[in-house]
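# Geometric and topological summary
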Protein chains: 2
Amino acid sequence: MVTFLSGGTGTPKLLSGARRAAALDGATVIGNTGDDVELGGLLVCPDVDTVLYLLGDRLDRETWWGVDGDTAETHDEVLELTAAADEVPGPRYLDEDRQTSGRDLARWRRFSAVGEFMHIGDRDRAVHLARTSLIDAGHTLTEAIAWLGRALGTDVDVLPMSDDPVATLVQTPDGPIHFQEYWVARGGDVHIDDVAFRGASDARPTDAVLDALEEPVILGPSNPVTSIGPMLALSGIRKALEVTPVVAVSPFVEDRVFSGPAADLMAAVGDEPSTAGVAAAYPFVDAFVLDEADETELDRPVVRTDTTMTDEAAAERVFHACEDAMAAVA
Amino acid sequence: MVTFLSGGTGTPKLLSGARRAAALDGATVIGNTGDDVELGGLLVCPDVDTVLYLLGDRLDRETWWGVDGDTAETHDEVLELTAAADEVPGPRYLDEDRQTSGRDLARWRRFSAVGEFMHIGDRDRAVHLARTSLIDAGHTLTEAIAWLGRALGTDVDVLPMSDDPVATLVQTPDGPIHFQEYWVARGGDVHIDDVAFRGASDARPTDAVLDALEEPVILGPSNPVTSIGPMLALSGIRKALEVTPVVAVSPFVEDRVFSGPAADLMAAVGDEPSTAGVAAAYPFVDAFVLDEADETELDRPVVRTDTTMTDEAAAERVFHACEDAMAAVA
């Protein structure tokens, strides 16, 4: 039994390798929800959904988000209506007093569907509709995601890190923006001064998450700041990780990052954007998996392999390296 | 200048004839919103949308609702997810305490998207997304519908009867159900004891509606109970109709109804399901357009024509009969 902490790309790739190794029986995946947004009234959980779609065999493997072969009739029409009404495209936050009213979901992450800035496929949107309705009907996010896991035919427990809302905000010289505006709407082309997790001090990990953290834990090569960081900001998670054996795959080869905004974000929060910086940010990790070209010296056991996960066979190789690292410390 | 009061089928057909007669310059259409629902968090306005789609040249003329040629990827996927999660199809009202919380929209008309019981096309849903977002952003329903009218390229002012929520409920031996459950989910195959307009006593017609009712008014062959009834239940509308010249097209030929549930609904509220019953329910109507086969004797001027509107030419003929009737009383 093993528990994965997952963001939206690196760890899902590792999961695809673990599944190829038939090593997911009884496993649990805890997904970051700091990236979640309400878009047009619907709760979108990008990281959790990538895991659900992967395990439900419908993930778009080109993008590592969304449903393979999905159409976008609604999304295209929303943007056509937006343009036809002479509105500019782009994110539209709802007003401050509307950010937290009504549903017990929001923490500065509500956007209008007008100018819909995230590409939401039609079948993907069906998942957001069902999830939002389940929550509106009184279910917790954990229950809603379990419902979706059943509906999508996943065979692994997928848990949101919390039933409480957390919003990952990126501080820019012009004020805070939501992570999704930073990454999706602006392509990461924004100067970042800091990162904050609004709501994290009030949010609690669920009992299911704390139970799962009693098992050995694997952190895939996820972004330490915005994928794993929101989980570490929740009371009790860091302490649980200090007690259980934990293996992490570095998302860097020394100071070169595989993909995504991890380097910029680490620099913004004062961490060195490198494997050494990841190790410093993860004092609770007992062993690391590094790329074979990564000569970083660490104070903890290291297993080296080619950590590039171009396909499932490569991902399985990285997963086996995680098993080897875990065997050294568990 | 003329103002139409419209439900979802009869009056939109008449409007297609009026447009063919190039008689809609400066016209206003006031749409019933008693049939509106929130479905999966999105506000759906079936009657108003039929008018918007007609005037925006994208109405499905087979069904007289929805967008011509629309796909239904999201809808189909919601139902597949519902079935895959071992849930039965059909309407799911949100709990009583969730019917009116959060948005200032609801009056017992909120449904889950799980088991989505109305067929919502993908481009149709884009309209509901944009409308809901505009309202969530602080716009009134009137403003949201004007926005949609611009976006859809309509050339006629379309107004909701009110910015306040009204829900048309059908009283059955097993309790009240929403009109859309009665008509869409159950196909009208329900015994009806009564009809109520929840919220109507608190709802007000907008100033734009009251202004439009200073013009001559045409009531198409809409259902008097659930299409026109919700408007008449609003304070001030009946009085405005008593003052201005009003022409109505009977939705009956004597006691035979053209389509829809008008006969059952009229009987349920104690009106005779016939042209005579319509005339009795509409004391403010100054002249009627009846089918040429309808020999009902009325106490007001009558113009007779073939009122079957099988195509736009036929609808134009009925519109000209309305003009003749108006000329007799205005």
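Notes on the structure in this doc start here. All values derive from a computational prediction rather than experimental measurement.

### Considerations on the overall build of chain A
- Counting its secondary structure elements, chain A contains 13 helices and 15 strands.
- In terms of overall dimensions, chain A is globule-like: its C-alpha atoms have a radius of gyration of 19 Å, near the 20 Å expected for 330 residues.
- In terms of overall dimensions, chain A has C-alpha extents of about 60 × 45 × 35 Å along its principal axes.
- The buried share among the 330 residues of chain A stands at 61%.
- For chain A, long-range pairs separated by at least 24 residues make up 68% of all intrachain contacts whose partners lie at least 6 apart in sequence.
- As displayed, chain A has an accessible area near 12200 Å², and 45% of this comes from carbon and sulfur atoms.
- Side-chain charges in chain A split into 24 positive and 59 negative, and the spacing between the mean points of these groups amounts to 3 Å.

### As for the sheet that holds strand E7 (residues 167-172) of chain A
All names here are of chain A.
- Reading across from one edge, E8-E7-E9 is the order of the three strands in this open sheet, with antiparallel pairing throughout. The sheet is open, and its two edges are formed by strand E8 (175-178) and strand E9 (194-198), each paired on a single side. Sheet twist, expressed as the mean angle between neighbouring strand axes with direction ignored, is 35°.
- Judged from the five bridges that link them, E7 and E9 form a sheet pairing that is antiparallel. Across the sheet, Ala 167 pairs through a bridge with Arg 198, a residue of E9.

### Quick notes on the relation of the copies chain B and chain A
- Once chain B is rotated about the relating axis by 180° and shifted along it by 0.0 Å, it coincides with chain A to within an RMSD of 0.0 Å. Expressed as an axis order, the relation between the two copies is that of a two-fold axis.
- Counting the interface residues of chain B, we find that 100% of their copies in chain A are interface residues as well, pointing to one common contact surface.

### Quick notes on the nonpolar core
- Of all hydrophobic cores here, the largest spans 107 residues; its most connected members are A:Phe4, A:Leu14, A:Trp147, B:Phe4, B:Leu14 and B:Trp147.
- If sequence neighbours within four positions are ignored, B:Trp147 has contacts with A:Leu81, A:Thr82, A:Ala85, A:Glu87, A:Val114, B:Ala130 and B:Leu134.

### Digging into the interface of chain B and chain A
- Chain B puts 39 residues into the contact, and the matching count from chain A is 39 residues.
- When chain B packs against chain A, close to 3300 Å² is buried across both sides, 64% of that on carbon and sulfur atoms.
- Taken as a group, B:Leu81, B:Leu129 and B:Trp147 account for 17% of the area that chain B buries against chain A, more than any other trio of residues on that side.
- At the junction of chain B and chain A, the tally comes to four salt bridges.
- For the pair chain B and chain A, the interface holds four residue pairs in polar contact (both at pLDDT 80 or more).
- Of all elements in the fold, only helix H3 (73-84), helix H5 (122-136) and helix H6 (141-152) of chain B reach the threshold of two or more residues within the side of chain B that touches chain A.
- Looking at which element gives the most residues to the side of chain B that touches chain A, the answer is H5(B), with eleven residues.
- Considered class by class, the residues forming the side of chain B that touches chain A number 18 nonpolar, nine polar and twelve charged.

### Thoughts on unusual backbone geometry
- For A:Ala22, which is not glycine, the phi torsion reads 55° and is therefore positive.
- Its place among the elements puts A:Ala22 in the loop between helix H1 (10-20) and strand E2 (28-31).

### Section: the packing of aromatic side chains
Residue and element names in this part refer to chain A.
- Scanning the entire structure with this criterion turns up ten aromatic pairs over all chains.
- Ring geometry for Phe 111 against Phe 117: centres 4.8 Å apart, planes inclined by 55°, an arrangement best described as tilted.
- Using a relative accessible area of 2% as the deciding quantity, one classes Phe 111 as buried.
- Relative to Trp 183, the ring of Tyr 182 lies with its centre 6.2 Å away and its plane at 40°, an arrangement referred to as tilted.
- Overall, Trp 183 belongs to the partly exposed group, its relative accessible area being 34%.

### Some points on the sheet that holds strand E5 (residues 110-111) of chain B
Residues and elements named next belong to chain B.
- Pairing is mixed in the open sheet, where three strands are placed in the order E4-E3-E5. Of all the strands in the sheet, the pair left with one neighbour each is strand E4 (42-44) and E5.
- Inspection of the sheet shows strand E3 (residues 37-39) paired to E5 by two bridges, in the parallel sense. Across the sheet, the residue bridging to Leu 39 is Phe 111, located in E5.

### Structural notes on the side chain of A:Glu77
- Within the secondary structure layout, A:Glu77 lies in helix H3 (residues 73-84).
- A residue is classified by how much of its surface remains accessible, and A:Glu77, at 7% relative accessible area, is buried.
- When near neighbours in sequence (up to four residues on either side) are disregarded, A:Glu77 contacts B:Arg58, B:Arg123 and B:Ala126.

### Observations regarding helix H5 (residues 122-136) of chain A
- When the terminal C-alpha atoms of H5(A) are compared, their 21 Å separation across 15 residues agrees well with the 21 Å that a helix rising 1.5 Å per residue should span.
- Along H5(A), 14 of the 15 residues are buried, which leaves the element largely enclosed by surrounding structure.

### Topic: the environment of B:Thr142
Residue and element names in this part refer to chain B.
- You can see Thr 142 is positioned in helix H6.
- For the pair Thr 142 and Leu 159, spaced 17 residues apart in sequence, the C-alpha separation works out to 6.0 Å.
- Contact partners of Thr 142, with chain neighbours within four places excluded, come to Leu 159, Pro 160, Asp 163 and Thr 206.

Analysis parameters
Per chain, the residues get numbers from 1 upward, laid out in the order the sequence is written. For naming, the first written chain is A and the first written ligand is 1, with later ones following in the order written. Where local features are concerned, this predicted model is filtered to residues with pLDDT of at least 70; where side-chain atom pairs are given and counted, the filter is 80 or more; whole-chain, interface and lining totals use all residues. Derived side-chain values reflect all non-hydrogen atoms in the structure, with water molecules and hydrogen atoms excluded from consideration. For the purposes of this entry, the term helix denotes a DSSP run of H or I that reaches at least four residues, the term strand denotes a run of E that reaches at least two, and both are numbered from the N terminus. Atoms counted for the radius of gyration: C-alpha only. Globule rule: 2.2 Å times residue count to the power 0.38. Burial here depends on accessible area, computed with a 1.4 Å probe over protein chains only, as a share of the maximum for the residue type. Under 20% is buried, over 50% is exposed, and the range in between is partly exposed. Pairs of residues are marked as contacts when any of their non-hydrogen atoms sit within 4.5 Å. Methods summary: accessible areas were calculated by the Shrake-Rupley approach with a probe of 1.4 Å, and residue burial reflects only the protein chains presented. A positive count includes Lys and Arg, and a negative count includes Asp and Glu. His and the chain ends are not counted in either. Each charge is placed at NZ for Lys, CZ for Arg, CG for Asp and CD for Glu. For two strands to be treated as a pair, DSSP must find no fewer than two bridges joining them. Structural elements are reduced to axes, namely lines fitted to C-alpha atoms, with helices fitted over the stretch in contact, and the angle between N-to-C directions of any two is expressed from 0 to 180 degrees. Here the copies were fitted onto each other by least squares, based on C-alpha atoms from residues at pLDDT of at least 70 in both. Among the buried residues, those of types Ala, Val, Leu, Ile, Met, Phe, Trp, Tyr and Cys that are joined through side-chain atoms within 4.5 Å form a nonpolar core. Here the quantity called buried area is the total loss of accessible area, with a 1.4 Å probe, experienced by two parts when brought into contact, counted for both. Note on definitions: salt bridges are taken to be side-chain nitrogens of Lys or Arg within 4 Å of carboxyl oxygens of Asp or Glu. Two N or O atoms count as a polar contact when they lie within 3.5 Å, although within protein this holds only if one can serve as hydrogen donor and the other as acceptor, and sequence-adjacent residues are included solely when both atoms are side-chain atoms. Amino acids outside the nonpolar list (Ala, Val, Leu, Ile, Met, Phe, Trp, Tyr, Cys, Pro) and the charged list (Asp, Glu, Lys, Arg) are all regarded as polar, and Gly is one of them. Side-chain rings of Phe, Tyr and Trp, where Trp is taken by its six-membered ring, are said to pair if the distance between their centres is within 6.5 Å; with planes under 30 degrees apart they count as stacked, over 60 as edge-to-face, and otherwise as tilted. How far a helix is expected to stretch is found by multiplying one less than its residue total by 1.5 Å.

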